[in-house]
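Structural overview for review
Take a look at the letters that make up each chain.
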Amino acid sequence: MSEVTVAQLANVVGIPADLLMEQLADAGIQAKSPEDRISDDEKAKLLLHLRESHGKKKTSTVTAPSKVTLRRKTVSELRQPTSSGRSTLSRASAAPAKTVSVEVRKKRTYVKRTNVESDESKVKQAEEARRALDDQAKERAAIEAEVEARKAAEAAKRQEQEEAEKKAEEEEAAKLAAEAEAKRLAEEEAAREAAKEAKRQEELLKPETAAEPEPAVEAKPAAAEAKAEPSRGKKGRKDSRRDEKGFSDDKKADRKELHVAEGLRGKRKRKPGKQRRAAAAAASDAQHGFQRPTTPVVHEVKIPENITVADLAQRMTIKAAEVIKVLMKMGMMVTINQTLDRDTAILVVEEMGHVPVAQRDEDIEADLLSEEDDAHTQGEQVNRPPVVTIMGHVDHGKTSLLDYIRTSRVAAGEAGGITQHIGAYHVDTDKGTVSFLDTPGHAAFTAMRARGAKVTDIVILVVAADDGVMPQTKEAIQHAKAAEVPLIVAINKIDKEEANPDRVIQELSQEEVIPEDWGGDTMFVRVSAKTGAGIDDLLDAILLQAEVLELQAVEDGPATGSIVESSLDKGRGPVATVLVQSGTLNRGDMIVSGKEFGRVRAMFDEAGRSIKTAGPSIPVVVLGLSGTPEAGDDVRAVSDERRAREIAELRQDKQRSTRLAAQKAAKLDEMFTQMEEGETQTLNVIVKADVQGSVEALKESLVKTSTDEVKVRVVASGVGGINESDANLAVTSNAIIIGFNVRGDAGARRVVEEQGIDMRYYSIIYEIIDDVKKAISGMLSPEIREEIIGLAEVRDVFRNSKLGAIAGCMVLEGMVKRNNPIRVLRDNVVIYEGSLESLRRFKDDVNEVKSGMECGIGVKNYNDVQSGDQIEVFERTEIARTV
Ligand code: GDP
């Protein structure tokens, strides 16, 4: 079919050769004699020319309603190119197209309504004309109408969500009916036009040609253009061509030419086919379908970031094979288990005639959890103990107060058992139970305190009677107020001579913390953590406040709670302190917490006793999680492992992507700051701490100390001792290392010495912040306030009935002094701080033991020393601070 002569073509199309010559000339094609050859390209040109000439004629006859019909078609086409025209993975989503379609629908409806009202006789005419059309045309119209009607229904549904359901339904029905009517009218009108046009053509051309390509081609555009603007008629033409092939005797030539003309838009051709398919289900009853007020087949399909083919099919309640078929048509070969991205999935859903709804990760999580929620919220509310956090300025006696309450309230036999800091514990009094949060936040630092306040019912504000309101006192008040947690003021150290409680009250009233006897609403209690005076009153006040708060929780059913702190234990794996907030946590429960999940392998109370269950407001230590969740993370018991894993993985993914984004931003940030503010300096810091909560608190506090001149950047952080890779990182990033209750191992110390890195150990957060602030302002004095003077390693432990555990040690560095404070380290993490009970060489008590010598060490109040532990002896040297 490459080249034919004019005569041959004329013969093929059945018109006289000279007429064809004329037409060729009109189209600007050179053909001198019937023997001249015409190429396919020229044929295409001729066809285009003919089409255009007729098209022009037609535009004048186009009526407003038909034009609108086409516009609607345009909308769907506009959407289509973005998707199937380009890569199916294209991120240019279909959302905008949807919005447009809503608007267009309205326009169209109105126009047609007028049409309907104004010209009833047209209906009859159209009816006749329609009969003249073949069955396929009818079907096509019906399908289109159905598709349009369906779209309209969806749009209407979305728009009128807020309206009363009944109203919405009525309106929708009305709209549908009008829509369908209008649509049908338009179709009929179009068909009539087309038929007319075809007839006219036939008449015009009869003398010359019975069925030239034109008529067929034109009959099509006629139909299409009657409804559409010429430039958008491709699809319409194609469709109508198919529908009306009966008009042409010469289908082959005709079709061939069409293909040439439209060859460039290969991909677009899919659309009609797809649409057809999408509507196929409804096609059978299409003619009556739009009479119904509802379209039950249309689903709202929730689409997450990624979804497998099988899942997607299930959400549309169709077979996976259907989805695969659609994707194949879009040029994607997929398997049933393949994961599709959201954009692709949205295309598929639209192709299937459903409504895609993008689903955010949070929604999925909420979905997963909501199934559990019923179980969590059902059940009878019972009273629960209050959860209390102690806040206040450093050295005002928070720790002492907690210690006093704990030791005085815990049964004598158990006192020795408390060797581990778990961050929370509960105390039983005659009047009821109180749970205390003893997080690193108690050292007055924002992050943890803010988090602590979330689970806290009551804040105890400790103010030293000899010191008064200090900056952190004010901070604590602000935090409590922000969290809307009631305060109880404990004026501490009233045993001291210089104590002046009235001054404290005075100063607090300036912060709008006013005692009850002054007409305020805050309870004030005078206590001494040293003598124990007033502690009972404080507990009473707490329980009274709790009563006022009417604290309640469901006791039966699955537990929810919060992480107080977590750490990684060499032997036991991740260890997390959980405050149960509602329900009951049982050994063996499957829980999810932050990005971690796992089965509760074992549970302990604050005294280290194994327990099986824990109810509301009770803190427990939990073993069995997949990792260390962060302080403040939620804890939920879930029904099965699969769900727990899903939720945890979802959160991990989310975190990973935010972290990547943050890293990218940080790098850029750095670049820009260096470029723009050549002046700005960065203080890089590596933070290692004993528990996750401290890491978090430190990170946040440190970053906040940044000033305009110096930015503090935490380049790395983590739980556990400082190792060689931390030290190496410090070298490469020119960072200082901060160890909070942790120490550097031998490797780290070697690097630190060789490379001259600044590595500092601390046990009070406040001091770290203080030092960093000073470093920033260039005021930090180089002296170390706390100097480690000796280090001994425990080689063996002996039990002595009189002295308790005696650690047989080798002094590794410096010297061990009898009267200096010490710390016990395990895996370079501080596990105990205190003083020595005894120091012996052989049978003799001695005052100091030098490096390289063996000795026996008894640690005061601590019997849990193990072989392999290290005992660090330090000295606090007062250094006059320059402020
Ligand atoms: P924190 O920093 O708020 O936790 O304060 P600490 O509990 O560490 O106490 C700081 C200092 O104040 C310690 O030396 C305590 O011995 C001392 N201290 C705490 N409470 C009292 C008290 O009621 N009376 C006296 N005299 N000293 C106290």
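Residues numbered from 1 in each chain as written. Predicted model: local features only at pLDDT ≥ 70, side-chain atom pairs only at ≥ 80, totals over all residues. Heavy atoms only, no water.

Points about the side chain of Arg 823
Tracing the backbone shows Arg 823 in strand E29 (residues 821-826). In this structure the side chain of Arg 823 is engaged in a polar contact, spanning 3.1 Å, whose partner is the side chain of Glu 833. (Helix = DSSP H or I, 4+ residues; strand = E, 2+ residues; numbered from the N terminus. Polar contact = N/O pair within 3.5 Å; in protein donor to acceptor, adjacent residues only side chain to side chain.)

Looking at the packing of aromatic side chains
Any aromatic ring pair is given by two values, namely how distant the centres are and how the planes are angled relative to each other. Evaluated as defined, the whole model comprises 2 aromatic pairs. Arranged with centres 6.2 Å apart and planes meeting at 40 degrees, the rings of Tyr 425 and Phe 436 form a pair that is tilted. Of the two residues, Tyr 425 is situated in strand E9 (residues 424-429) and Phe 436 in strand E10 (residues 432-437); the sequence distance between them amounts to 11 residues. We classify Phe 436 as buried; its relative accessible area is 1%. An angle of 25 degrees between the planes, with centres 4.4 Å apart, marks the rings of Tyr 832 and Tyr 862 as stacked. Of this pair, Tyr 832 sits in strand E30 (residues 829-841) while Tyr 862 is found in the loop between strand E33 (854-859) and strand E34 (870-876), placing the two residues 30 residues apart along the sequence. Residue class for Tyr 862 comes out buried when judged on its relative accessible area of 3%. Across from the ring centre of Phe 874, 3.9 Å away, lies the NZ or CZ of Arg 823, which sits over that ring. (Phe/Tyr/Trp six-rings, centres within 6.5 Å; stacked < 30°, edge-to-face > 60°. Buried < 20%, exposed > 50% of the residue type's maximum accessible area, 1.4 Å probe, protein only. Lys NZ or Arg CZ within 6 Å of the ring centre and 35° of its normal.)

Observations concerning the site of the ligand
Every one of the 15 residues lining the ligand counts as a neighbour, but Asp 395, Thr 399, Ser 400, Asp 495 and Ala 529 are closest to it. Within the contact set of the ligand, an oxygen atom lies 2.4 Å away from a side-chain nitrogen or oxygen of Thr 399. Protein coverage of the free-state accessible area of the ligand, which is 580 Å², stands at 73%. Element by element, the count of residues in the shell around the ligand is highest for helix H18 (residues 398-409), at 3 residues. A breakdown of the residues in the shell around the ligand according to their chemical character gives 2 nonpolar, 7 polar and 6 charged. (Near = heavy atom within 4 Å. Areas by Shrake-Rupley, 256 points an atom, 1.4 Å probe, with all protein chains shown as cover. Nonpolar A, V, L, I, M, F, W, Y, C, P; charged D, E, K, R; others polar.)

Concerning the sheet that holds strand E22 (residues 634-638)
Strand pairing in a sheet relies on backbone hydrogen bonds. The paired strands run either parallel or antiparallel. Spatial ordering of the closed barrel is given by E15-E16-E21-E19-E18-E22, a layout of 6 strands whose pairing is antiparallel. Averaged over all pairs of adjacent strands, the angle between strand axes in this sheet comes to 45 degrees, irrespective of strand direction. With 3 bridges connecting them, strand E15 (residues 560-569) and E22 associate as antiparallel partners. In the strand pairing of E22, Gly 561 is matched with Val 635. (Pairing = 2+ DSSP bridges. Axes fitted to C-alpha atoms, helices over the stretch in contact; angles between N-to-C directions.)

What about the packing of helix H24 (residues 692-704) against helix H27 (residues 765-776)?
Between H24 and H27, whose axes approach to 10 Å, the crossing angle comes to 25 degrees. Classified by the angle their axes make, H24 and H27 are roughly parallel. Two packed elements cross with a definite hand, and for H24 against H27 that hand is right-handed. Contacts between H24 and H27 involve Ala 697, Leu 698, Ser 701 and Leu 702 from the former and Ile 765, Ile 768, Ile 769 and Val 772 from the latter. For the contact of H24 with H27, the per-class residue count stands at 7 nonpolar, 1 polar and no charged. (Parallel < 35°, antiparallel > 145°, perpendicular 65-115°, else oblique. Left-handed = near helix turned anticlockwise from the far one by under 90°. Contact = heavy atoms within 4.5 Å.)

Topic: the environment of His 396
Its location among the elements puts His 396 in the loop between strand E8 (387-392) and H18. Measuring from C-alpha to C-alpha, the distance between His 396 and Met 470 comes to 9.6 Å, with 74 residues separating the pair along the chain. Those residues within four positions of His 396 in sequence are excluded, and the remaining contacts are Val 462, Val 463, Ala 464, Asp 467, Gly 468, Met 470, Thr 473, Asn 492 and Lys 493. One polar contact links the side chain of His 396 to the main-chain amide nitrogen of Ala 464, over a distance of 3.1 Å.

Observations regarding the nonpolar core
Judged by nonpolar contacts, the single largest core of 26 residues is most densely connected at Leu 401, Phe 436, Ile 460, Ile 488, Leu 538 and Ile 542. Of all the secondary-structure elements, those providing two or more residues to this core are E8, H18, E9, E10, strand E11 (458-464), strand E12 (487-492), strand E13 (523-526) and helix H22 (535-549). Looking at this core, the element that brings in the most residues is H22, giving 7 residues. With residues near it in sequence (within four places) discarded, Ile 542 still touches Pro 386, Val 388, Val 434, Phe 436, Ile 458, Ile 460 and Ile 488. By size, the runner-up hydrophobic cluster in this structure holds 22 residues, among which are Val 309, Leu 327, Val 334 and Leu 340. (Core = buried A, V, L, I, M, F, W, Y, C linked by side-chain atoms within 4.5 Å.)

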